[in-house]
Amino acid sequence: MPSIPPEARRQSNTLGIALMATAVFFFAGADTVAKFLAGAYHPLQVAGMRQVGLVGGVVLWLLLRGTAELRTRQPKMQILRGLCAGVSASLFVISLRYIPLTDATTIAFVAPFFVTILGAVLLKEPIGPRRWFAIVAGFSGTLVVMRPGFAAFHPAYLLVMGSAFLFAVRQVISRNLARTETTVATVAFTAGVSAALLGLVQPFVWEPIETGHIALFVMYGAFAAMGEFLVIKALEIALAVVVAPLQYTMILWTSFFGYSVFGHVPDGFTILGSIIIMTSGGFTLWREHQIGKRRAEEARLSAEATPGSPQE
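Since the model is a prediction, treat every value here as computed from it, not as a measurement.

(A) Summary view of the overall build of the protein. Secondary structure assignment for the protein yields 12 helices and zero strands. Helices and strands appear in the protein in the N-to-C order α-α-α-α-α-α-α-α-α-α-α-α. Here the protein holds 312 residues, and the buried ones make up 44% of them. Taking all contacts inside the protein whose residues are at least 6 apart in sequence as the whole, residues at least 24 apart take part in 89%.

(B) A look at the layout of surface pockets. Here the second largest pocket defines a volume of roughly 220 Å³. Lining the second largest pocket are 15 residues, and of these Gly57, Trp61, Ala225, Met226 and Phe229 sit closest to its centre. The element contributing the most residues to the lining of the second largest pocket is helix α9 (residues 211-237), with eight residues. Partitioning the lining of the second largest pocket into residue classes produces 11 nonpolar, two polar and two charged.

(C) Inspection of the environment of Pro100 at higher detail. Inspection of the secondary structure assignment puts Pro100 in the loop between α3 (75-96) and α4 (101-108). In this structure, the C-alpha to C-alpha distance between Pro100 and Phe262, residues 162 residues apart in sequence, is 8.7 Å.

(D) A look at the side chain of Lys35. Looking at the element boundaries, Lys35 is found in helix α1 (residues 6-38). Despite being buried, Lys35 has no salt bridge partner; Asp103 is the closest side chain of opposite charge, sitting 9.5 Å away. Setting aside its immediate chain neighbours within four residues, Lys35 contacts Leu96, Ile99, Pro100, Leu101, Phe262 and His264.

(E) The packing of aromatic side chains, seen in detail. Applying the stated criterion to the full structure yields nine aromatic pairs. Chaining the aromatic ring pairs together yields one cluster made of Phe25, Phe26, Phe223, Trp253, Phe256 and Phe257. Here Lys35 stacks its cationic end above the ring of Phe262, 5.6 Å away from the centre of that ring.

(F) Region of interest: the side chain of Thr190. Its place among the elements puts Thr190 in helix α8 (residues 183-205). Apart from the residues within four sequence positions on either side, Thr190 is in contact with Arg81, Gly82 and Ala85.

(G) Layout of a nonpolar patch on the surface. Taken together, the side chains of Phe25, Trp253 and Phe256 define a hydrophobic patch exposed on the protein surface, amounting to about 270 Å² of accessible area. Residue position: Phe25 is located in helix α1.

(H) Molecular detail of the confidence of the model for the protein. Of the residues in the protein, 85% have a pLDDT of 70 or more, and the chain-wide mean is 81. Ranking the elements of the protein by mean pLDDT puts helix α10 (residues 240-243) last, at 66, and α3 first, at 93.

Basis of the calculations
- Residues numbered from 1 in each chain as written.
- Predicted model: local features only at pLDDT ≥ 70, side-chain atom pairs only at ≥ 80, totals over all residues.
- Heavy atoms only, no water.
- Helix = DSSP H or I, 4+ residues; strand = E, 2+ residues; numbered from the N terminus.
- Buried < 20%, exposed > 50% of the residue type's maximum accessible area, 1.4 Å probe, protein only.
- Contact = heavy atoms within 4.5 Å.
- 1 Å grid on protein atoms, 1.4 Å probe; cavity = no way out; pocket = protein on both sides within 12 Å on 5 of 7 lines; lining within 4 Å.
- Points joined across faces, edges and corners; volume = space filled by probe spheres on them.
- Nonpolar A, V, L, I, M, F, W, Y, C, P; charged D, E, K, R; others polar.
- Lys, Arg positive; Asp, Glu negative; His and termini not counted.
- Salt bridge = Lys/Arg side-chain N within 4 Å of Asp/Glu carboxyl O.
- Phe/Tyr/Trp six-rings, centres within 6.5 Å; stacked < 30°, edge-to-face > 60°.
- Lys NZ or Arg CZ within 6 Å of the ring centre and 35° of its normal.
- Patch = residues over 30% accessible without salt bridge, like charges linked within 9 Å, V, L, I, M, F, W, Y side chains within 5 Å.
- Areas by Shrake-Rupley, 256 points an atom, 1.4 Å probe, with all protein chains shown as cover.
- pLDDT = per-residue confidence, 0-100.

Written out as structure tokens, the structure is:
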């Protein structure tokens, strides 16, 4: 099996960084628009329009690439992932009606810690003391942002935690699906199932969209779809350990947009909590990468040591 030249790998990583950075910008823009719209429309209507945008992006992709990659061997898991995506998006948009954008974004970044815990519980993946420390530190940073027991605490913070947990469930399911499913199939099923789920509630929450807000709804769906596909492309061509930490720049973007659009200035608690979460989250991503490399090397050595195993 030919190896990828170092220069080509560096170029792929550079392009991957650019794609991930752009994706984060689009996601931050989408969340900013969602917060604005959630103040004028029912949050479930807003979340539903986001998923419609994702479906539109999938349809466009399929028109360009064809439907050959849509086959699935695990339809039940695909449906479960779509349900998690729909409920997760809904909880997050509902929270935006009540709490600052930066706070919601910061708390949502506890998702990687949930992923690690679920991996240990469901997939029996071992967690060493250093990663446990990072998880505890990350959740401590979340408590700093939420400030339970203080007047600034709002129950909507718990909705963001629920959203992050379901996002983590979705990621764990993705690990299982990756063995048999294409990325396009997974994204398509997630978009379709989540849009169908939120479509069921639209007759009960739908409000006529004002003419001046049509462009915002279109922008919201387009930004979400662009972000989703740029992330997929970034992870296809670059190392995850290189591009994944760029997700944390979303806190900077939402802080900027939160101030520019809504006049929200992150207070000391939010800034401190953000630093704790980003540091512990970055360490967790790095450890995941190191453990993955070690396991791959162990598997390679085991295969080479097996009599009669094919040699590359």
